[in-house]
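# Observations on the three-dimensional arrangement
Spelled out, the chains give:
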Amino acid sequence: MKITSINHPATAELAIREIHQRPILIQFPTVFALLAAPTSKGVRQLDESKIRLGGKNYGTAIGSLDNFVAQARPDHLPDDFRSVEHYAKLAGSFIRLPFRDSAFQSKTIKNGTHQGLLLTGVFSNLFQQIEASFATYSPDEIWNYSNYCAPLCTSCNISGDPDGSIVQFDKALNFARSRGIKLFITADKTATEKGSYPILGFEKQRVSIHRDGPGLDTFKTKIPAPLRSW
């Protein structure tokens, strides 16, 4: 297994080469996560790495926010959250949007909705490069055969682990070694508050909180009062 800093000049190239073969492990400021190809193959690899329980869905790590928002059904979004500029202020959270018809289900879409993690800086730069590397891949059934290529993103742990998401370096390293992960990308800076990122779900008339997490109170203040359904 290779361990490298996200700030190393060669890390993006290493990540792109590896993620086209198998999942990679990455240290976010608040939690450790797995990234994988945005394909059915990537789903199967994550299922195997996490010993995934049934009924679970995978999010993505947003590279291009424009591409992410363009996947959404605009007539199902609140008027206050239709543009990229609206969602950019929610960096540090998972954003859940209506991507497909509500009847569509897959390992990445639940009741037509999909969620992406929005981060900034070196993380966003890495995600964008990974996303671009999949731009010419064949449209996959997990997206209802529409081309979306941000990398799959999920917590680094065995599915259903009572301890939840991994936030300690040693535990993440042990997970990687035991599950055959070959690339571990570390962060130089971490946040004081640890844990999986909050999930905000957007519908035409409301915004819902699907998971608590670091920074949630600040995100709440960015949602207009008429849309707050919590």
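Keep in mind that this is a model prediction, so the values were computed, not measured.

## Let's talk about the side chain of aspartate 47
The residue aspartate 47 is located in helix 2 (residues 40-50) in this model. By relative accessible area, aspartate 47 is classed as buried at 19%.

## With respect to the nonpolar core
Inside soluble globular proteins, nonpolar side chains tend to come together where they are buried. With 72 residues, the main nonpolar core has Leu25, Ile26, Phe28, Leu35, Tyr87 and Phe202 as its most contacted residues. For this core, the leading source of residues is strand 3 (residues 32-36), giving five residues. Phenylalanine 28 has contacts with Ala33, Leu35, Leu117, Leu119, Phe123, Phe127, Cys153 and Tyr197, leaving out every residue within four places of it along the chain.

## Describing the pattern of salt bridges
Close approach of charged atoms allows side chains with opposite charge to pair. In the structure shown here, the tally under the stated rule is seven salt bridges. A salt bridge links glutamate 13 to arginine 17, with the nearest nitrogen and oxygen atoms 3.7 Å apart. Here the residue glutamate 13 and the residue arginine 17 both occupy positions in helix 1 (residues 11-19), the gap between them amounting to four residues, near one helical turn. Classification of glutamate 13 by relative accessible area gives exposed; the value is 54%. A relative accessible area of 48% means that arginine 17 is categorised as partly exposed. Residue arginine 22 pairs with glutamate 18 through a salt bridge whose shortest N-O separation is 2.6 Å.

## Description of the pairing of strand 9 (residues 199-202)
Taking every second residue as pointing to the same face, both faces of strand 9 are buried, with Ile199 and Gly201 on one and Leu200 and Phe202 on the other. Here strand 5 (residues 93-98) pairs with strand 9 via three bridges, running parallel. Within the sheet, the bridge partner assigned to phenylalanine 94 lies in strand 9 and is isoleucine 199. As defined by bridge partners, strand 9 adjoins strand 10 (residues 207-211) across four bridges and the pair is classed as antiparallel. Note that in strand 10 the partner of phenylalanine 202 across the bridge is valine 207. Between strand 9 and strand 10, which pair antiparallel one after the other, the connecting turn spans four residues.

## Considering the environment of histidine 8
Mapped onto the elements of the fold, histidine 8 is located in the loop between strand 1 (2-5) and helix 1. The class for histidine 8 is partly exposed, based on a relative accessible area of 44%. Spatially, the C-alpha atoms of histidine 8 and glycine 213 are 29 Å apart, while their sequence positions differ by 205 residues.

Conventions we followed
- Residues numbered from 1 in each chain as written.
- Predicted model: local features only at pLDDT ≥ 70, side-chain atom pairs only at ≥ 80, totals over all residues.
- Heavy atoms only, no water.
- Helix = DSSP H or I, 4+ residues; strand = E, 2+ residues; numbered from the N terminus.
- Buried < 20%, exposed > 50% of the residue type's maximum accessible area, 1.4 Å probe, protein only.
- Core = buried A, V, L, I, M, F, W, Y, C linked by side-chain atoms within 4.5 Å.
- Contact = heavy atoms within 4.5 Å.
- Salt bridge = Lys/Arg side-chain N within 4 Å of Asp/Glu carboxyl O.
- Pairing = 2+ DSSP bridges.

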